[in-house]
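# An overview of the molecular structure
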Amino acid sequence: MKYELLIAKRFLQSNRKRGMISFINTFAILGITLGTAALVIALAIVGGFEKELREKVIGFTSHIQVTGFQNKPLLHYHETSEKISKQISNVQSVFPFAAKEVLIRSKENIEGVFLKGIEAEQVNSSLNKYIVGSTQKQIISNIRSEIVLGKKLANKLNVKLNDKVIVFDVPNLKDGIQPRAKQFIVSGIYESGMAEYDDIIAFTDLPSAQKLFQLENSATGFDIILNDISQAETTSKEIQKLAGYPHYSQTVFSLYRNLFSWLELQKKPIPLILGLITIVAVVNIIGAILMLILERTKEIGILKSLGSSNKEISRIFLMQGMFIGIVGMILGNALGLSYCLLEQKFHFFSLNADVYFMSNVPILLKWENFAIVSLSVLVLSFFAALIPSKAITKINIILRIFFLLICGYGDF
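I will try to describe carefully the structure that is included in this document. These figures come from a predicted structure and were not determined experimentally. (Residues numbered from 1 in each chain as written. Predicted model: local features only at pLDDT ≥ 70, side-chain atom pairs only at ≥ 80, totals over all residues. Heavy atoms only, no water.)

Turning next to the overall build of the chain. A tally of regular secondary structure across the chain gives 16 helices and 12 strands. Put simply, the chain has 412 residues, and 47% of those count as buried. Restricting the contact set of the chain to residue pairs at least 6 apart, pairs at least 24 apart contribute 79%. In the form shown here, the chain has an accessible surface area of approximately 21500 Å², with 60% of it arising from carbon and sulfur atoms. (Helix = DSSP H or I, 4+ residues; strand = E, 2+ residues; numbered from the N terminus. Buried < 20%, exposed > 50% of the residue type's maximum accessible area, 1.4 Å probe, protein only. Contact = heavy atoms within 4.5 Å. Areas by Shrake-Rupley, 256 points an atom, 1.4 Å probe, with all protein chains shown as cover.)

What follows is the structure, encoded as C-alpha cells:
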C-alpha cells in the first residue's frame, strides 16, 4: 500500500476525534448523497412520463392514422388496407375504424362522447390491457350491440356492466340525413389513467358503428401500427402517396403535437436543476477539503520536512475528496433506487389526471441512468477535490517548520 493511501486512511480515522471536521465531512457526504438521489429520481420520473404517455397515446390511437379529407367516408377500405399492408414494408397491421362525435344517454344523465367502432383484433391488441371490468372474455362481439366506456364516463352516466345506454348520431341536417339512435349494452369498462380518454372515448364493434353512422360499406379511417416507429414520418408520406385522395395520413406525433411538445417542455428545466445540484455538491467537497487542509497544516509541515513532495501530499487530500464522492455516490444511488421502488409499489404521490394524463407518478428505472449519474459524480468529485488540494503548494515552508519545532510531530 502506498504511503499516501495509508496516511489518507489515518487522517479519516483521526477525524472522528475532531468534531468540526467530522461534521464537515458528514455534511459533504450528505450533500453528494442528496444530489445523486435527486439526479436518479428526476431522470426516472422524466423517463417514466415519456414512456407512459407514448404507450397510452399510441395504445388508444396508433402510430399512423389515415382519415378522409373533410371527414369524407373512405370507400373500398378493405382493398386500401390490403394495399397498404402488402406494399409498404414498415407497416405491421392496418385496422379500419368508423368514428364520430355522438350523444350517449343513460337513465340519469346524457354526455357528449367520441364513439369509435373497431375490429375485434384491434381490441385485443390495444384496448384489452386497460380493461378493468367486462361481461365476457371477448369484450366486443358482433352478436349484439355492445359498448365499452371509460371508467370516468361510466361514473358520470352512473352505469355499470350489462346496463343499457342509448347513443344518438346527430348529423348535419343540411346533408338531409335524419338523426339516428341505437341501444347498446355496456360490455366493458376501461381505465387508462388519462382523463382525456377515460372521459370522452367509447368503443363499439365496427359493423354497429357503420350502421349507426349510415356508412354502409365505408369507414372513416385506418389505424396503422408500424414495425419501426422512428420511421413514422417517412412511412406516413409513403402511405399518403399510395392511398391518394381523399386519404389523409398523419403520424401520432402530428395528431398530438401539443401533448408531445408539453412533454419536451417538461424535460427542458432538468439540465438547469441538475446543474444547480451539481454546483452545490462540488462546493461541499471543496469546502470540506479546504477545512481538512487548514486543520492538517501541522501534519503537512511534518510530511514536507520528511521529504514529501507537494504532488504526493496533494494526492493524500485528493484521496479523501474521492472518498467523500464515492460514499456519497453509493448512498445516493441506494436512496434514489429505494424511493423509485417504493413509489412503484405504493404510489405515495397522486397526480391530477386532468393535467398530467395519469393518476400516479410514473417511474422508469434504467441502469444507464445510474451509470451516467455515478460516473458524473465521480468525475466532479475528482476535480472538486483537485482544486483545494493544489492549495497545499501555497503553504509557506517556514510556517511548516515553525509548526514542526513548536508543536511537535502531531497525531496521525
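Another aspect to go through is a nonpolar patch on the surface. Together, Phe-23, Phe-27, Leu-30, Leu-34 and Leu-335 give the surface a local cluster of nonpolar side chains, amounting to about 500 Å² of exposed area. Looking at the secondary structure, you find Phe-27 in helix H2 (residues 19–60). We classify Phe-27 as partly exposed; its relative accessible area is 47%. (Patch = residues over 30% accessible without salt bridge, like charges linked within 9 Å, V, L, I, M, F, W, Y side chains within 5 Å. Salt bridge = Lys/Arg side-chain N within 4 Å of Asp/Glu carboxyl O.)

What follows is about helix H3 (residues 77–87). All buried positions along H3 are accounted for by Tyr-77, Thr-80, Ser-81 and Ile-84. For H3, the arc enclosing every buried residue in end-on projection is 95°, short of the 170-degree limit, so these residues lie on one face. More than 90 degrees from the buried face of H3, the exposed residues found are Lys-86 and Gln-87. (Arc of directions from axis to C-beta.)

So, about the nonpolar core. Counting 36 residues, the largest nonpolar core has Ile-147, Leu-149 and Ile-224 as its most contacted members. The dominant element in this core, judged by the number of residues it contributes, is strand S3 (residues 91–105), at five residues. Discounting chain neighbours no more than four positions away, the residues touching Ile-224 are Ser-62, His-63, Ile-64, Val-66, Ile-84, Val-91, Ser-93, Val-94 and Ile-239. Within the second largest apolar cluster, 30 residues are counted, among which are Val-40, Leu-292, Ala-384 and Ala-385. (Core = buried A, V, L, I, M, F, W, Y, C linked by side-chain atoms within 4.5 Å.)

As a further point, take helix H8 (residues 232–243). Between the first and last C-alpha of H8 there are 16 Å, a value that for 12 residues agrees with the 16 Å anticipated at 1.5 Å per step. When we look at burial in H8, the residues that qualify are Ala-232, Thr-235, Ser-236, Ile-239 and Ala-243. Summarising the axial view, the buried residues of H8 lie within an arc of 105°, below the 170-degree limit, and thus occupy one face. Among the exposed residues of H8, those oriented more than 90 degrees off its buried face are Lys-237 and Lys-241. Buried residues along H8 sit in contact with strand S1 (64–68), H3, S3, strand S11 (221–226), strand S12 (247–251) and helix H9 (252–255). Gly-244 lies just past H8 and shows a positive phi near 70°. (Expected span 1.5 Å × (residues − 1).)

Where helix H10 (residues 257–267) contacts helix H11 (residues 269–295), the two axes come as close as 5 Å, and the packing angle between them is 15°. One element, H10, and the other, H11, form an angle in the roughly parallel class. Each of Leu-265, Gln-266 and Lys-267 in H10 lies in contact with H11, whose residues at this interface are Pro-269, Ile-270 and Pro-271. Classifying every residue of the contact of H10 with H11 gives four nonpolar, one polar and one charged. (Axes fitted to C-alpha atoms, helices over the stretch in contact; angles between N-to-C directions. Parallel < 35°, antiparallel > 145°, perpendicular 65-115°, else oblique. Nonpolar A, V, L, I, M, F, W, Y, C, P; charged D, E, K, R; others polar.)

Attention shifts here to the packing of aromatic side chains. Inspection of every chain in the model, using the stated rule, returns five aromatic pairs. Their ring planes at 80° and their centres at 5.3 Å tell us that Phe-382 and Phe-383 sit as a pair that is edge-to-face. In textbook terms, an aromatic cluster arises when at least three aromatic residues are bridged by ring pairs, as seen for Phe-69, Tyr-245 and Tyr-248. Taking NZ or CZ as reference, Lys-116 lies 4.6 Å from the ring centre of Phe-97, over its face. (Phe/Tyr/Trp six-rings, centres within 6.5 Å; stacked < 30°, edge-to-face > 60°. Lys NZ or Arg CZ within 6 Å of the ring centre and 35° of its normal.)

Okay, the packing of H3 against H8 next. Between H3 and H8, the least distance of the axes is 11 Å, while the angle of their chain directions is 135°. On the basis of the axis angle, H3 is oblique to H8. Judged by the sense of rotation from one axis to the other, the crossing of H3 with H8 is right-handed. Residue-level contacts link Thr-80, Lys-83, Ile-84 and Gln-87 of H3 to Ile-239, Leu-242 and Ala-243 of H8. Tallied by class, residues from the contact of H3 with H8 come to four nonpolar, two polar and one charged. (Left-handed = near helix turned anticlockwise from the far one by under 90°.)

The next thing to look at is the environment of Val-91. Along the chain, Val-91 turns up in strand S3. You can call Val-91 buried: its relative accessible area is 7%. The sequence separation of Val-91 and Ile-224 amounts to 133 residues, and the corresponding C-alpha distance is 7.0 Å.

This part takes up unusual backbone geometry. A cis amide bond, omega 5°, links Tyr-245 with the succeeding residue Pro-246. Mapping Pro-246 onto the fold places it in the loop between H8 and S12. At Asn-162, a position not held by glycine, the phi torsion is positive, near 75°. Inspection of the secondary structure puts Asn-162 in the loop between helix H5 (151–157) and strand S7 (164–169). Here Gln-214, not a glycine, exhibits a phi torsion of approximately 55°, which is positive.

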